[in-house]
Amino acid sequence: MANRLPFALAAAVLALPVHAVAAEERRFDVPGGSLSQALPVLSRQAGVSISVGDAKLWRARVKRVRGRMSVDDAIAQLLAGSDARAVRVSATSWRIERRPPPPRVAHRAAAPSAAPQPRARAPSRDMVAGPEDEIIVTASKTDLPFSHFAGVATQLDGGDLAFGGERGMESILSRMATVSSTHLGSGRNKLFIRGIADSSFTGPTQSTVGQYLGDIRLSYNAPDPDLRLYDIANVEILEGPQGTLYGAGSLGGIIRVVPKAPNPDHMELQAIAGVSVTQHGEPGGDIAAIANLPVGDDGHALRLVGYMLTDGGYIDNPMLGQDDVNRIHVRGGRGTFRLDAGDDWTVDVGGVYQAITSADAQYADRDAPPLVHNSMVEQRATARYGLGTLVVTKDWDGLHFQSSSAFVSHRLFERFDASRDDAPPQILDQHNKTRMFVSEARLSRPFHDGFGWVVGASVIDNRTRQSREYGDAFLQAPLTGVTNRITEFTGYGEATLEIVRGVTAAGGVRVSHARLGGAGEDVPLAIAMAGRAITAHRTETDLLPSASLLASPLRNLTLYVRYQEGFRPGGLAVDSSFVRRFRNDLVRTWEAGVRFGERGRTPFDASLAVSHSRWHDIQADFIDSSGFPSTANIGDGRITSISGALAIRPWAGLSVELGGVYNHSRVDELFAGELRSIAAQSSADGTAPQLPVLLARLGQIPNVARYAARGAVDYVAPVGDEDFRLNSWVNYVGPSRLGIGPILGEGQGDYIDTGIAMRLGNPRRGVSLTLTNLFDSRGNRFSLGTPFVEGSAGFLTPLRPRTLRIAIDVAY
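Structural notes, computed from the coordinates. Everything numeric in this text was worked out from a predicted model, so none of it was measured.

Another aspect to go through is the overall build of the protein. Tallying secondary structure elements over the protein gives 10 helices and 44 strands in all. In the protein, once contacts between residues fewer than 6 apart in sequence are set aside, the share between residues at least 24 apart is 68%. For the protein, the accessible area works out to roughly 31,100 Å², and carbon and sulfur atoms hold 59% of it.

Structure (structure tokens):
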């Protein structure tokens, strides 16, 4: 009955009438002055992205905007009397460009009338932010124009991410060659950026990628919650360590999801419903509703999002006589109430909840027929994520103040098949419970007139408890678990200065002081009585500097160099029946890059970035003597990464995008003591004969594909009174290793993923069709099925088979 619910709801939405969308109005109070000072304020108040197509326009004088009006009218009033004009690029983005000179009057014979221009909007150019398409990098915390940002920043349009069907983090992965993930299952994965990867499953180590919803941190050492990206304005990805502005856990970079803000001036209703069919599997469906409700006449508003999804299973388990066992159900919602407190103070109170239920594991056995695994255990998993937020902001006298606080509750349950050969079925149940409080306050001068800065302070209190139970289906006994707690106090500052025209320097520093503690859980009495370490407490202070220099010697050419650091604190990990301590690790990265072209003004634009990272005291996971994952510092390593992107626009309505990354990683300074311990624990007799094998396989950092590439084609054109859009993509993920040591050293990757999506309609209604995995490829996204010795070399995680989705969307 539960599987039919999405289809019933979809049918209900299909029957809804369609009404016209009223003119969208908002309240604006934007000071006059230079465009560089006024535009970030207008962009924030409108909740849209506004780029500038000519860097010289930043110094243009613009007028004050005050009152209730549409975004189009606000931009027009701002630019009135100047040499600039606004061009709407998408539903939530505009481009400011220089107004063309009036045409000369010439007397000539009448020419045949030109063909009408396409009315469909140009495809979003979200591959890599271009130097002259002045996207505001809000993740810089100073509203820094991209032309002054020394680094790789990508902004993905929220509408494009949802185009063809909302797929959560998969939508981001399919558009970014430099972002990768494990594939244990939705709500259980770890993310990596630019080759900074540590392990294949979530343990006590902190993530290498910082994830944010607006300015709220989503997690600390928990897996990616895989929140569905409905009603999102955009997603910003900053590559490379971001320790100065974002602190611990941003070794590889950050992913910042920016939701659409409540609008007090206009009521909005939207519904999306789809059904899908998977080859070799069962059908699925999805439905979502979005509402924006003004509250009173004083600038208050409520924005709500709700959704339900079912992904049909496609893995069979003949041992239990079951087909399509790995179905996934997702339900969730998000709400934000915006209070206009007067005197330019704004208060947002919000909440997020999402529940993911996986009926069984999504891996297959290597030696079985395709899409089959044999297990006597239903390896189900559940993830429950809750978030409460409070954000207070104020703009005045060219300054911006923001205070962001949140409480996070994240619970994950996983069941693994722990059966040994020729033995009755055994089960391992693992529970991870995370509670986090985070608060940050900052004051910034948004970048204008060649100068911008930000100072801030934050506190994080995170507590994670991992408990495990082992036994059969009727009786299970607790195993040793661990609790980690960290309280971190930080202060940071960063400034950006245009030294001379075309040359910009930036520098900053972050000071973090952390109190770390932990304790073993369910430790065997004999070990506890023997006085073996089951608790640990310590403090540490870290200093994270950053510096960059950017130059634009020629039009359409930008060069930059950048230095940045990132770190993760240490903690406790379970090692067989003992609890062991691991140290903090540190990444130091040098990066250089070049960017060409003017996005939207030249037929192509391109970028190339080269980075070299030294990674000290790498935290990584291994398999202990009981077959369970543990964590240790394995040594020091280095990662060299080369990434590039190219966008070509041969004519209006068509764009072609290419991107790729090459990673070379090595663990070149090994900690022999740790490795001998790991090898001994991985050995059946505990002696360590596998150490040479371990050293040979340890060279490449785990989960780092040597190379990856992607390509996409986007085309829009009018069809009668409607607009037609088509987007197709192909992604290649190169080979990598699952983890370290003889158990986790299995190969994975080396596969191609493809898809095509199309939509016919207008902003009020539309019909879309999406086809993924066009060639019904299998591939191997992930080589971990269950973390036990006997089966670890025989698993693979195939791509979802060819899937067709048909959907409608309506707006009121």
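Right, picking up where we left off after that structure.
What follows covers a nonpolar patch on the surface. A cluster of nonpolar residues, Phe451, Leu497, Ile499, Val500, Leu549 and Val561, forms a patch on the protein surface that exposes about 490 Å² of accessible area. With 3 residues, the top contributor of residues to the nonpolar patch is strand 27 (residues 476–500). Residue position: Phe451 is located in strand 26 (residues 451–471).

Once that is clear, we can look at the packing of helix 2 (residues 35–46) against helix 3 (residues 71–79). What describes two packed helices is the angle between their axes and the distance between those same axes. Remark: helix 2 packs on helix 3, axes separated minimally by 11 Å, with the N-to-C direction vectors making an angle of 170 degrees. In terms of orientation, helix 2 lies roughly antiparallel with respect to helix 3. On the side of helix 2, the interface is formed by Leu35, Ala38, Leu39, Leu42 and Ala46, while helix 3 contributes Val71, Ala74, Ile75, Leu78 and Leu79. For the contact of helix 2 with helix 3, the class distribution of residues is 10 nonpolar, no polar and no charged.

To continue, consider the pairing of strand 18 (residues 284–295). One ladder, built from 9 bridges, connects strand 17 (residues 268–278) with strand 18; its direction is antiparallel. Following the sheet pairing, Gln270 is matched in strand 18 by Ile290. Linkage of strand 17 to strand 18, two consecutive antiparallel strands, is achieved through a turn of 5 residues, within which His280 is found at a positive phi near 65 degrees. Turn length for the strand 18-strand 19 (residues 300–311) hairpin, with the two strands adjacent in sequence and antiparallel, is 4 residues, and the turn residue Gly296 shows positive phi of about 75 degrees.

Moving on: the packing of aromatic side chains. Counted according to the given criterion, the structure contains 7 aromatic pairs. The ring of Phe163 carries the charged tip of Arg725 above its face, separated from the ring centre by 4.4 Å.

For the coordinates displayed, the defined rule picks out 35 salt bridges. One salt bridge connects Glu414 with Arg188, and the closest N-O pair in it is separated by 2.9 Å. Of this pair, Glu414 sits in strand 24 (residues 399–417) while Arg188 sits in the loop between strand 11 (179–181) and strand 12 (191–193), and the two are 226 residues apart along the sequence. The exposure classification of Glu414 matches that of Arg188, with both residues buried. Residues Arg568 and Asp585 are paired through a salt bridge, measuring 2.7 Å at the closest nitrogen-oxygen approach. Here the residue Arg568 occupies a position in strand 30 (residues 557–568), and Asp585 occupies one in strand 33 (residues 585–596), the gap between them amounting to 17 residues. There is no split in this pair, since Arg568 and Asp585 are both buried.

Definitions and cut-offs
Residues numbered from 1 in each chain as written. Predicted model: local features only at pLDDT ≥ 70, side-chain atom pairs only at ≥ 80, totals over all residues. Heavy atoms only, no water. Helix = DSSP H or I, 4+ residues; strand = E, 2+ residues; numbered from the N terminus. Contact = heavy atoms within 4.5 Å. Areas by Shrake-Rupley, 256 points an atom, 1.4 Å probe, with all protein chains shown as cover. Patch = residues over 30% accessible without salt bridge, like charges linked within 9 Å, V, L, I, M, F, W, Y side chains within 5 Å. Salt bridge = Lys/Arg side-chain N within 4 Å of Asp/Glu carboxyl O. Axes fitted to C-alpha atoms, helices over the stretch in contact; angles between N-to-C directions. Parallel < 35°, antiparallel > 145°, perpendicular 65-115°, else oblique. Nonpolar A, V, L, I, M, F, W, Y, C, P; charged D, E, K, R; others polar. Pairing = 2+ DSSP bridges. Phe/Tyr/Trp six-rings, centres within 6.5 Å; stacked < 30°, edge-to-face > 60°. Lys NZ or Arg CZ within 6 Å of the ring centre and 35° of its normal. Buried < 20%, exposed > 50% of the residue type's maximum accessible area, 1.4 Å probe, protein only.

Just geometry here; none of it tells us what the structure is for.
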